[in-house]
Structure formats: C-alpha cells, structure tokens
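Below are the chains, spelled out letter by letter.
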Amino acid sequence: MGKASLLRIFLTFLFLSLSMDSFVKGQNIVCPNKTQMEWADDEIGVLIHFDMPVFQPEYDWEKFGTNPSAKIFNPTELNTDQWIATAKKLGAKYAILVAKHCSGFSLWPTSAHEYSVKNSPWENGQGDIVKRFINSCKKYGVKPGIYASTWFNGYLYVKDGVVQPGSPVTQKEYNDIVVKQLTELWTNYGKLFEVWFDGGLLSIDKGGADVLSLLRKLQPEVIAFQGPYGYKNLIRWVGNEVGAAPYPCWATADSTTNSDGIVVVEGLNGRAEAPYWCPGESDFTLRWKKAFQGGWFWHKDQDKMMYTLDELMQRYVTSVGHNTNMLLGMVVDNRGLVPDADVKRITEFGNEIKREYGHPLATVSSNGDVCEIKLKTPTSVNRIVLQEDISKGERVLEYKVTGLSKGKWITLAKGSNIGHKHIDVFSPRMVTCLKLTVTKEKATPIIRNFSVFKALKAN
C-alpha cells in the first residue's frame with residue numbers, strides 16, 4: 001500500500017473520528033420553539049387569587065355541601081386596572097387570573113352552572129371579571145393567562161378530578177362542564193399566553209375529559225402549566241411554593257408530565273440529556289406559607305407576615321436565577337383591590353430587582369469555552385448573571401468563574417446548568433478581570449450574556 005493510500009486512510013479515519021466526536025458532543029441537544037423562548041424571556045409573572053375564602057374565611061371547600069352563597073360575593077371597589085398596574089410595578093410581563101379555584105365559583109358568567117358572578121350582587125349579576133382582567137392586560141401591555149382548576153370543585157363535590165359521593169352531577173356530566181367552561185375561557189377572551197392546571201388533569205383513560213384535543217384546537221400556542229400529556233408547550237412545577245427552584249434545574253426533562261398531568265421528573269431537577277423541553281415555573285406568595293390559605297388569599301391583619309425585601313430578592317435569585325420563571329402570588333381583598341401594603345411591597349420588590357440587576361458593570365457574549373470581562377479599574381463585585389442562547393439548546397454542563405485580584409486568579413463561582421439565566425451571588429471581591437470557563441459541555445457553548453455587577457451598599 002502506497003503512502004498516498006495510507007494518507008487517505010488516515011485522513012478518512014481522522015474525519016470520521018472528528019465527525020463522531022461532533023455527533024457525540026452534539027447529541028440530545030433539545031431546543032425550545034419560539035413560544036417557549038418568548039416565555040423564558042418574560043421571566044416574571046403574577047398569579048392573582050380571588051375567591052370565596054376572601055368573603056367567608058372559615059369556608060372549607062372539601063366539606064361538600066357547605067359552599068357559601070354567590071350573594072356574599074360583592075367587591076364594591078373592584079378595579080382590574082389597579083391589579084395589572086401593580087403587576088407592572090413588579091416588572092411582570094404576564095398575569096394569570098384564577099378564574100375558578102377550588103370552590104367552583106366562577107369569575108365569569110358561565111353557562112355551565114349557576115355558581116358564578118351572574119348570581120352575585122356585584123354589578124347586579126351582569127359583570128364579568130375575566131373580561132375586565134383581559135381588557136386591563138391589553139391596556140397595560142401585559143400578556144394574559146387563565147387558571148381554571150379541573151382537579152377540584154367544592155360546588156360539584158369533585159376531588160382529584162373525580163366526582164365524589166353525593167355530588168349533584170355524574171362524572172360524565174362533570175366532564176361536560178369542564179369542556180364547556182374551558183371552551184368559554186379559551187374562546188371568548190382571545191389568545192392567551194399561559195393556562196394553569198393546578199394539580200393537573202384526570203386523564204381520559206381514568207375517566208376524565210379530553211382536554212388535550214380542546215387545547216390543541218382552541219389555544220394551540222399557549223404555554224400550559226401541568227397541562228395534558230402530549231401537548232407541546234408544557235412547563236413543570238419545581239416542587240414547592242416558596243420560589244426555590246432546585247439547582248441545577250434543567251429546562252429539559254425525561255417526561256413532560258404523566259398521563260394525569262402531574263410532573264414526573266426525578267428530583268424535579270430535570271436532566272441535561274433528557275428529550276423534552278419542559279422548563280420550570282417557580283410560584284410563591286408575598287406572605288409566609290403559614291399565612292391564611294398559604295398566603296394565596298387575602299386575610300385581614302396579616303400584613304406583618306409579608307416577606308422582607310431581602311427574602312423576596314433571595315426568591316428572585318432562586319427562581320429567575322435558577323433557570324425558571326418567577327410567578328408571584330398577588331392577593332385581592334374584599335374590596336376587589338390589591339391591598340395598599342401589598343402594592344407598596346410589590347413596588348419595592350420591582351424597584352430592587354432593577355437596582356440590583358438593571359445596570360451591569362459590564363456585559364459580553366461569546367461562542368466558545370472561555371469568555372472574559374476586563375474592567376477599567378479594580379472594582380468590588382459580588383454578582384454575575386449568565387445566559388445561554390437557548391435557541392441552540394442548553395449546552396453548558398459545568399463551568400467556573402474566576403476573577404483577577406492583585407495579580408492572582410481566584411474562584412468566584414462554580415456551577416453546572418446555566419440555561420436561560422443563572423445568577424451567582426458571592427462575597428464582594430476586588431477584581432480587574434473576570435473569566436467564564438466552561439469545563440464540560442454538550443457542544444460549543446453559545447453565551448448570550450455574561451454580566452458582572454458592582455457590589456452595592458444596602459439601601
């Protein structure tokens with residue numbers, strides 16, 4: 001065999017080796033679609049609760065047959081503009097209204113049954129809170145979403161999607177009501193940004209309604225929290241209601257949801273090599289979890305239970321800064337308004353997010369394993385924000401960030417998942433240069449944003 005032949009064989013072997021290496025490094029890179037990327041970029045939303053417990057705090061929806069009369073629902077100062085204006089002060093890009101919670105009382109004049117605003121004294125039974133909410137979202141440029149629980153319904157004796165003994169309806173009749181109500185909500189109010197199925201859905205094979213087909217037909221692009229298995233734009237729960245996503249928290253998961261709509265992800269962390277894009281959403285309340293109804297509903301004399309600004313900022317870091325969206329629970333009181341104390345704290349929270357993360361000292365982007373920020377003078381820094389270009393998938397598996405301090409490189413932070421956004425907070429260090437080094441990857445890292453922030457003095 002001649003030298004030319006040997007050379008060709010060597011080059012062919014080298015090409016195949018490099019190609020195989022590229023294939024192995026690039027395998028299992030799952031990429032989000034346009035809707036999923038838009039949702040990730042929005043980062044902050046609010047979840048607005050307003051139901052019978054606001055007017056009758058002792059009500060327990062699981063005590064079937066004890067539902068309060070629709071006549072007690074009378075918020076005489078209701079103002080959805082005030083709700084959404086408050087959400088804007090937080091920096092929220094989307095808002096989700098709980099149109100029907102566990103009581104079964106509906107905030108729109110549903111034709112499915114009589115337990116709704118149409119039989120309340122508010123607006124003489126002619127009002128529609130969902131319509132007002134949607135109009136306010138349009139007015140303030142906030143994307144609207146709807147929460148409608150199919151899992152629980154005190155009025156119809158339903159728990160875990162199943163009609164319980166003594167109910168005024170059969171399972172089939174309840175399924176028909178579910179379809180009718182979701183059809184109303186997904187048809188009459190325009191395009192929605194996100195829908196919420198708190199607790200999940202009863203699958204067809206267990207006797208539930210065919211929600212998947214309805215969703216695909218009426219709101220085919222919407223983001224669905226704990227939605228039906230097989231839907232393309234699903235997002236998952238992070239395992240708690242305190243805004244603390246686990247770390248790492250990969251946007252890819254082994255199973256988007258199971259057939260009942262309940263998240264099935266080991267450790268709720270997702271997995272770097274998993275086949276589905278199903279990111280997390282971190283929901284939490286403005287008050288402690290021991291507050292009334294977990295802090296999700298208003299109760300008088302509980303303003304002292306509000307989280308401090310520092311505690312809220314920690315939740316921002318462990319939600320948005322852990323590759324998930326942040327969803328803040330916003331209460332409405334018996335007047336129909338977000339309480340004054342809540343408006344004040346939410347405004348402070350939004351302002352603090354801007355103060356701490358709105359003005360980076362320096363920002364760069366890059367393709368490759370190493371990315372540097374050079375500062376003009378030695379500066380005390382204590383926070384960095386990292387973002388991948390998730391349109392190309394989550395490629396970083398491990399990284400470290402070092403800083404040049406007095407001529408020596410020191411470690412500032414280490415991590416694994418970056419995804420849409422990761423925030424590292426560390427003790428203030430005086431540095432002149434910062435270096436991001438990706439030490440393990442699925443394919444060439446595409447860093448959308450590497451930002452460093454000057455250590456701030458407390459307010």
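Residues numbered from 1 in each chain as written. Predicted model: local features only at pLDDT ≥ 70, side-chain atom pairs only at ≥ 80, totals over all residues. Heavy atoms only, no water.

K.L.:
Explain the nonpolar core to me, and be specific about the residues and the numbers.
P.N.:
Across soluble globular proteins, nonpolar side chains show a tendency to be buried alongside one another. Within the largest apolar cluster, 108 residues are counted, with the highest numbers of intra-cluster contacts made by Trp83, Ile129, Val130, Trp186, Tyr316 and Phe349. Phenylalanine 349 has contacts with Leu90, Phe284, Leu309, Leu312, Met313, Tyr316, Met326 and Leu328, leaving out every residue within four places of it along the chain. Val381, Ile384, Val396 and Val452 belong to the second largest nonpolar core, which has 22 residues in total. (Core = buried A, V, L, I, M, F, W, Y, C linked by side-chain atoms within 4.5 Å. Buried < 20%, exposed > 50% of the residue type's maximum accessible area, 1.4 Å probe, protein only. Contact = heavy atoms within 4.5 Å.)

K.L.:
Give a description of the pairing of strand 16 (residues 408-415) that names residues and reports values.
P.N.:
Here strand 15 (residues 396-405) runs beside strand 16; their pairing, made up of seven bridges, is antiparallel. Residue pairing for strand 16: leucine 404 is matched across the bridge by tryptophan 409. Counting the residues in the hairpin turn of strand 15 and strand 16 gives two residues, including lysine 406, whose phi is positive at 55°. (Pairing = 2+ DSSP bridges. Helix = DSSP H or I, 4+ residues; strand = E, 2+ residues; numbered from the N terminus.)

K.L.:
Tell me about the packing of helix 3 (residues 80-90) against helix 8 (residues 340-357), and name the residues and values.
P.N.:
Contact pair helix 3 / helix 8: the axes reach a minimum separation of 7 Å and the direction vectors enclose 30°. Between helix 3 and helix 8, the crossing angle belongs to the class labelled roughly parallel. For the pair helix 3 and helix 8, contact is made by Gln82, Thr86, Lys89 and Leu90 and by Val343, Ile346, Thr347, Phe349, Gly350 and Ile353, respectively. (Axes fitted to C-alpha atoms, helices over the stretch in contact; angles between N-to-C directions. Parallel < 35°, antiparallel > 145°, perpendicular 65-115°, else oblique.)

K.L.:
Give me the lowdown on the sheet that holds strand 18 (residues 446-454), citing residues and values where you can.
P.N.:
Across the sheet, six strands lie side by side as 13-18-14-17-15-16; this open sheet has antiparallel pairing. Each end of this open sheet is capped by a strand with a single partner; those strands are strand 13 (362-367) and strand 16. Along the sheet, successive strands turn relative to each other by an average axial angle of 30°, direction set aside. Examined bridge by bridge, strand 14 (residues 370-388) and strand 18 share seven bridges and lie antiparallel to one another. Pairing of valine 381 across the sheet is with lysine 454, part of strand 18. Along the sheet face, helix 8 touches strand 14, strand 17 (422-441) and strand 18 and points at about 115° away from the line of strand 14.

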